[in-house]
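# Architecture and fold: a report
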Amino acid sequence: MATFTARMAPLLVVGLALCLSGTWAVDKGNFKTCEQSAFCKRQRALKPGESPYRALLETMELTNTRLTLQLINDNNKVRLLLELYRLQGNITRVKINELKPLKPRYEVPDVLIREPTTEPLSVLSQDENGVVLSLGVESQRVIISARPFRLDIMEGSDVLMSLNSRGLLAFEHLRMRKDTQADPEAEKKEEADPANQAETTKEEEEKVEDGMWEETFKSHTDSKPNGPSAVSLDFSLPGVEHVYGIPEHADTLRLKTTDNGDPYRLYNLDVFQYELYNPMALYGSVPVMVAHSAQRTTGIFWLNAAETWVDISSNTAGKTVFGKMLDYVQGSSETPQTDVRWISESGIIDVFIMLGPTPKDVFSQYASLTGTQSFPPLASLGYHQCRWNYNDQEDVKSVDAGFDEHDIPYDFIWLDIEHTDGKRYFTWDPHKFATPKEMLQGLMDKKRKMVAIVDPHIKVDSNYKIHNEIRTLGFYVKNKDGGDYEGWCWPGSASYPDFTRADMRAWWASMFAYDQYEGTMENLYTWNDMNEPSVFNGPEVTMHKDAMHGSWEHRDIHNLYGLYVQMATAEGLIQRSGGVERPFVLTRAFFAGSQRIGAVWTGDNAAEWDHLKISIPMCLSMGLVGISFCGADIGGFFKSPSTELLVRWYQAGAYQPFYRAHAHLDTPRREPWLFGPENTALIREAVRQRYTFLPYWYQLFYRAHVTGEPVMRPLWVEYPQDLATFALEDEYLIGRDLLVHPVVEEGARGVTAYLPGKDEVWFDVHTFQKHNGAQNLYIPVTMSSIPVFQRGGSIIPRKLRVRRSSTCMEHDPYTLYVALNLQRTADGELYIDDGHTFNYEKKEFIYRKLTFANKVLSSVNLAPDAKFTTDSWIERIIVLGASKPSKVTLKTADGQEKQLEFDFDASMSVLTVRKPGMNAGADWTVTFQ
């Protein structure tokens, strides 16, 4: 939901009216550039060169679990402590902190799923210049150079990654302020300890007022009681030209170099009508970068929750294809290299270097640290209907009936902030939603569900139970003077619960109990919006950095706030069911680890073709860093889409993980049947296609939950040596076996899709036309076209009997689509469970391997120790790229055989076997003779 609207509390209307009167566009003046962010400006002013830091090798200590080593800054004599860990699974962890900080520096909790398992390091050689350590994997080793300090990770003769090779390590030590009356005892202590003896140089004295101890942006002053505390480190990646990740940005999939502009910014912000193709911060931050070349994939996870900027430079940036060819012809020896620099405002340096070597290894390595995608309820993979706002219970009933009348399936209808009693969350408007249980029961009778919004800003109102309890318990974030922090948001004056506190999160979770959140039932789920947190009258529309969470400043924890809100909410939904039901919680703000809680969407987009296009790289970027459950508002949140744009967005969204239409309060209604019968039919067909593929989506989410692999993925993940795929962002894979190239151009008559793999064949899922891989294929399109291809060598289960919701389809039969590639075995998987509980953790599921080899199609149990039964059966087998058999024979596990009926379309080489009839959970073979 947008930050600004004229329907605000009266005091805000005057101030915000200007925002509505002009164009719908971001006011960049509300958000800092690097130049306006004192620590970024300060750090960026440091240029590559000789580092002032050197390693004191005589301080090195090596134990079974880690290496420690002191570093000294020769300019100011401040010492740092370097910790180096070799972690299980080909990961190296590097931590750098002050050896003896004036007070503790923030280290991010609750993001790692456990303390990572270490493996022993061993010294291979050592002299006065440095030390060489073995990483245990093949010929991998770490070289620590002493003067200047530098760390290289090598494999054989190849440098995989270098740290501080450009000398940009910077660590602003905590210090006493020299120009004010300070605590003399603390000052004596600091001066007495040589490890802390930082001589304030003349240069530092001159800079002391330059945003180090106080900073003003627009009308807001940040008091900075701890002074400068920024950290920075550079990484060099030889052989790499393509880096990805660090969402959330409305930018290309392949990250751009930042030499001629701002760095990419990671700072969760409520950005009104964001602009495209720039590095501005948005709602979420995942400080993970993935580097890929034809030889190797690696990753960098910078575990810091403060405001962070990421600079990227490359020695091949700006070179044309011709220029690169000229280098090659002339025998230029310059190896491509990408240099990355991370700058954070506070905290410590805590970085995990994931060494791959394959894309899937990196996904697995990151998942081992922060967890995998939560396994969503099956229904949440269906279609969601939302707007700000459905007016009342009658409106909900009418929209629900409209879907039945127009034969369009859906699973969830959503309520935005107007459903509450005066923007008091956990309540219902007593007039418009007087009997919420009756409304929810009406949906439940049709096997449908609802989502209601619960935002983290709490109306300051002594008659509001939630506010009174949080205030009494002392659970609000405090301002710098110790009072409850207050800011403006939807309810007017609001305070913000301190979700960094485990006791606050436990209390919040308890508020979702059916006897606390009155009017709720088990088919009501939750949406956390505005959880950056959004503070309309705060600096950059968020919380003041000097607000306090216990002993920590908000600047230390800012990017964690949204993660904690979603975590507490999901826990509430789990607890209300006695730990039985999987939750569904959508969040706008997120961080590393958010994947293990729920779903994310790309925020307040606009009804523009470019916003449809950008939804693809935005969700691909999130998938690469663990967050698979991603989608964009269908049709665009702001403005009104043309019918063509709306239809194309429904078609594209049907093949993205989270499928929800949403719209702003001030836009005309846009339920799918309001645009004439032709467009209704086109939207119906797109939504119905989504429902036929639900078995495949569900199985992929199960795999993502188990392995950490993204559901929606760039082509290079499966074709890591195909350079043509490295920058592709207008098409993508769902799992391994579906390639999607949505139509995202206005008035398009055709699209050109790249079909990868020189040994691959691809089948159009609509026409069954076969195409060879390793080609650019021009595809003529009409308004009904959604170019989707199934990979030859795959088996995809679908359900073709589409009903009003996914739950209504639970016991329906499957159709198996077997796409052949004569050069290899075809295979696929079928996963079935109850669709909504945690019982799968108790091995209550069916998980089967489907294989077609040597003219035999078979189903084999992948989980013999699992127990679950299904009423679903196999009603059809469609073999693409087939030859005509003389007979088709089914053999079941009990040895029974029967001949099966089939049709063969010789013109398309499509074989259809009808009603084989075996149970979807059974062992069987079908032989084609």
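Per an unreviewed UniProt entry, the chain carries the name Glycoside hydrolase family 31 N-terminal domain-containing protein and comes from Astatotilapia calliptera. Looking at the Sequence similarities (unreviewed entry) heading of the UniProt record, one finds this comment for the chain: "Belongs to the glycosyl hydrolase 31 family."

### Some thoughts on the overall build of the chain
A tally of regular secondary structure across the chain gives 17 helices and 53 strands. Relative to the globule expectation of 30 Å for 929 residues, the C-alpha radius of gyration of the chain, 29 Å, shows essentially globular dimensions. With the C-alpha coordinates aligned to their principal axes, the bounding extent of the chain is approximately 90 × 70 × 55 Å. Evaluated residue by residue, the chain yields a buried proportion of 62% over its 929 residues. About 33600 Å² of surface is accessible on the chain, with carbon and sulfur atoms providing 49% of the total.

### Here we look at the nonpolar core
In terms of nonpolar packing, the biggest core is built from 178 residues, with Phe 301, Trp 508, Tyr 650 and Ile 734 touching the most fellow members. No other element matches helix 13 (residues 609–624), which puts nine residues into this core. Look past the residues within four positions of Tyr 650 in its chain and what remains in contact with it is Tyr 383, Gln 385, Ile 634, Tyr 659, Ala 661, Pro 672, Ile 683, Ala 686 and Val 687.

### Focus on the packing of helix 14 (residues 643–653) against helix 15 (residues 677–692)
Between two packed helices, what matters for the description is the angle formed by their axes and the separation of those axes. Look at helix 14 against helix 15: their axes get within 8 Å of each other, and the N-to-C directions meet at 10°. Classified by the angle their axes make, helix 14 and helix 15 are roughly parallel. The residues of helix 15 that touch helix 14, namely those facing Thr 643, Leu 646, Val 647, Tyr 650, Gln 651 and Gly 653, are Asn 679, Leu 682, Ile 683, Ala 686, Val 687 and Arg 690. Residue composition of the contact of helix 14 with helix 15, grouped by class: seven nonpolar, four polar and one charged.

### Structural notes on the sheet that holds strand 26 (residues 486–489)
Ordered in space as 25-27-26, the three strands form an open sheet in which the pairing is antiparallel. Sheet topology places strand 25 (458–459) and strand 26 at the edges, where each strand pairs with a single neighbour. The pairing of strand 26 with strand 27 (residues 492–495) spans four bridges and is antiparallel. Looking at the pairing, Glu 486 lines up with Ser 495 of strand 27.

### Quick look at the state of the cysteines
The tally for this structure, following the rule as stated, stands at two disulfides. Residue pairing for Cys 34: its cysteine sulfur links by disulfide to Cys 40, the two sulfurs lying 2.0 Å apart. Taking the sign of the S-S torsion, -95° for the link of Cys 34 and Cys 40, the bridge is left-handed. As far as the burial class goes, Cys 34 and Cys 40 line up, both buried. Take the cysteines of the chain that form disulfides and number them in order along the sequence; they join up as 1-2, 3-4. Left unpaired, Cys 386 is separated from the closest cysteine sulfur, that of Cys 630, by 16 Å.

### Looking at the packing of aromatic side chains
The tally for this structure, following the rule as stated, stands at 52 aromatic pairs. Ring geometry for Tyr 702 against Tyr 847: centres 5.2 Å apart, planes inclined by 75°, an arrangement best described as edge-to-face. Placement of the pair is Tyr 702 in helix 16 (residues 694–707) and Tyr 847 in strand 46 (residues 846–853), with a sequence separation of 145 residues. For the pair shown, Tyr 702 and Tyr 847 are each scored as buried. Through a chain of ring-to-ring contacts, the aromatic side chains of Phe 412, Trp 414, Tyr 525, Trp 527, Phe 584, Trp 601, Phe 629, Phe 658 and Phe 701 assemble into a single cluster. One residue, Lys 545, lies across the ring of Tyr 267, its end atom 5.1 Å from the ring centre.

### Regarding the side chain of His 292
Among the structural elements, His 292 can be located in strand 17 (residues 288–292). A distance of 2.8 Å separates a polar atom in the side chain of His 292 from a polar atom in the side chain of Thr 297. Of the polar contacts made by the side chain of His 292, one reaches the backbone oxygen of Pro 720; its length is 2.8 Å. Leave out the neighbours within four places in its chain, and His 292 touches Val 240, His 242, Tyr 244, Thr 297, Pro 359, Trp 716, Pro 720 and Phe 726.

### Here's the deal with the sheet that holds strand 37 (residues 738–740)
Read from one edge of the open sheet, six strands run 35-36-37-42-39-40, paired in antiparallel fashion. Whereas interior strands pair on both sides, the edge strands pair on one side only; in this sheet they are strand 35 (712–713) and strand 40 (770–772).

### Some remarks on the pairing of strand 14 (residues 231–238)
Most of strand 14 is tucked away, with seven of its eight residues classed as buried. With two bridges connecting them, strand 10 (residues 158–163) and strand 14 associate as antiparallel partners. Bridge pairing links Ser 162 to Ser 236 in strand 14. Here strand 11 (residues 170–171) pairs with strand 14 via two bridges, running antiparallel. The residue bridging Ala 170 from the neighbouring strand is Ser 232, located in strand 14. Pairing geometry for strand 14 and strand 20 (residues 337–344), over eight bridges, is antiparallel. Counterpart to Asp 234 in the pairing with strand 20 is Arg 341.

The rules behind each value
Residues numbered from 1 in each chain as written. Predicted model: local features only at pLDDT ≥ 70, side-chain atom pairs only at ≥ 80, totals over all residues. Heavy atoms only, no water. UniProt positions renumbered as here; feature names shortened; annotations may be inferred. Helix = DSSP H or I, 4+ residues; strand = E, 2+ residues; numbered from the N terminus. Rg over C-alpha atoms; globule rule 2.2 N^0.38 Å. Buried < 20%, exposed > 50% of the residue type's maximum accessible area, 1.4 Å probe, protein only. Areas by Shrake-Rupley, 256 points an atom, 1.4 Å probe, with all protein chains shown as cover. Core = buried A, V, L, I, M, F, W, Y, C linked by side-chain atoms within 4.5 Å. Contact = heavy atoms within 4.5 Å. Axes fitted to C-alpha atoms, helices over the stretch in contact; angles between N-to-C directions. Parallel < 35°, antiparallel > 145°, perpendicular 65-115°, else oblique. Nonpolar A, V, L, I, M, F, W, Y, C, P; charged D, E, K, R; others polar. Pairing = 2+ DSSP bridges. Disulfide = S-S within 2.5 Å. Phe/Tyr/Trp six-rings, centres within 6.5 Å; stacked < 30°, edge-to-face > 60°. Lys NZ or Arg CZ within 6 Å of the ring centre and 35° of its normal. Polar contact = N/O pair within 3.5 Å; in protein donor to acceptor, adjacent residues only side chain to side chain.

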